[in-house]
Every structure is written in C-alpha cells, then in structure tokens.
Amino acid sequence: NLFWWNLFGWHHRNGNGGSAGKLIASAGEDKPYDFMGFQECQDAERVLRDASLAGQYGSIAAPHDLAIAYRKAAWEVIDHGMQDVAEDNPEEWWGTRGAQWARFRH
C-alpha cells in the first residue's frame, strides 16, 4: 500500500525522492519479482521509473488506484479486469472496494 496521497502528494512528501521505487529495486535486486501488486497507487509507471525498472516491467492500472506490474521478459498478459466486491458502511464511507485480476502466459 503506497498511501499515495501522503507519499506522492505535492503538499506532503512529493514522492520522497523516489523512495518507494528505490525500496522495490533494492528488495528485488538479487532475484527480480515476477509480479507486484499495488493499492492506493495512482501511477504504477512512476513507481517503476523511480525503481529504474520501467523497461523491464509492464503495468496494468485499474479503478480504485489498483495496479499489477509484471516482468515482461517472463510473462505475457492474456486478459485482465477489475470488479467491485464491497462497499464501505455509511458511518465511515470511502466508497466501493475493488479486486483486480490478470491472467498471464509464462
């Protein structure tokens, strides 16, 4: 969860020097991730650019600020989608909640 508004909002940390992308790059340095799932992420491509991984990974964005990134050298997208699966209670309503899915060929 990138907590986008806090990490990337211009009135907060404005990307914090690409810290999310740098953390992803560092954690996957020895063995690259095949897939990454993002929530509260308005621009997965920005995170991948900050990680210097944009050329190696494709991304699939969905409503509700969801995204899936996949290693292009190993995987091909066959299909993908998103479905609303829940809605918050009226007492603390932020909206509907979604689930994203994708099917890949190895």
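Undergrad: Help me understand the pattern of salt bridges in this model?
TA: Between side chains of opposite charge, pairing is possible as soon as their charged atoms come close. Summed over all chains, the structure comprises 4 salt bridges. Between D34 and R71 there is a salt bridge, with the nearest N and O atoms lying 2.8 Å from each other. One end of the pair, D34, is in the loop between α2 (19-27) and β1 (35-38); the other, R71, is in strand β3 (residues 66-71), and 37 residues separate them in sequence. Overall, D34 belongs to the partly exposed group, its relative accessible area being 27%.

Undergrad: Even after reading the chapter, I still don't get the packing of aromatic side chains, so can you show me in this structure?
TA: Centre-to-centre distance and the angle between the planes together describe a pair of aromatic rings. Tallying each qualifying case throughout the model produces 4 aromatic pairs. Centroid distance F35 to W75: 4.8 Å. Interplanar angle 50°. Geometry classified as tilted. Linking F35 in strand β1 with W75 in the loop between β3 and β4 (76-87), this pair joins segments that are 40 residues apart in sequence. When the ring of Y70 is compared with that of F104, the centres are 5.2 Å apart and the planes differ by 50°; the resulting orientation is tilted. Here the residue Y70 occupies a position in strand β3, and F104 occupies one in strand β5 (residues 96-105), the gap between them amounting to 34 residues. Note on accessibility: Y70 and F104 belong to one class, buried. By the ring-pair criterion, three or more aromatic residues cluster together here, those being F35, Y70, W75 and F104.

Undergrad: Help me understand the side chain of Q100 in this model?
TA: Note on placement: Q100 falls in strand β5. Overall, Q100 belongs to the buried group, its relative accessible area being 18%. One polar contact links the side chain of Q100 to the main-chain carbonyl oxygen of I60, over a distance of 3.0 Å. One polar contact links the side chain of Q100 to the main-chain amide nitrogen of A67, over a distance of 3.2 Å. If near-sequence neighbours (up to four positions away) are discounted, Q100 is found in contact with I60, A61, A62, L66, A67, I68, G81 and M82.

Conventions adopted
- Residues numbered from 1 in each chain as written.
- Predicted model: local features only at pLDDT ≥ 70, side-chain atom pairs only at ≥ 80, totals over all residues.
- Heavy atoms only, no water.
- Salt bridge = Lys/Arg side-chain N within 4 Å of Asp/Glu carboxyl O.
- Helix = DSSP H or I, 4+ residues; strand = E, 2+ residues; numbered from the N terminus.
- Buried < 20%, exposed > 50% of the residue type's maximum accessible area, 1.4 Å probe, protein only.
- Phe/Tyr/Trp six-rings, centres within 6.5 Å; stacked < 30°, edge-to-face > 60°.
- Polar contact = N/O pair within 3.5 Å; in protein donor to acceptor, adjacent residues only side chain to side chain.
- Contact = heavy atoms within 4.5 Å.

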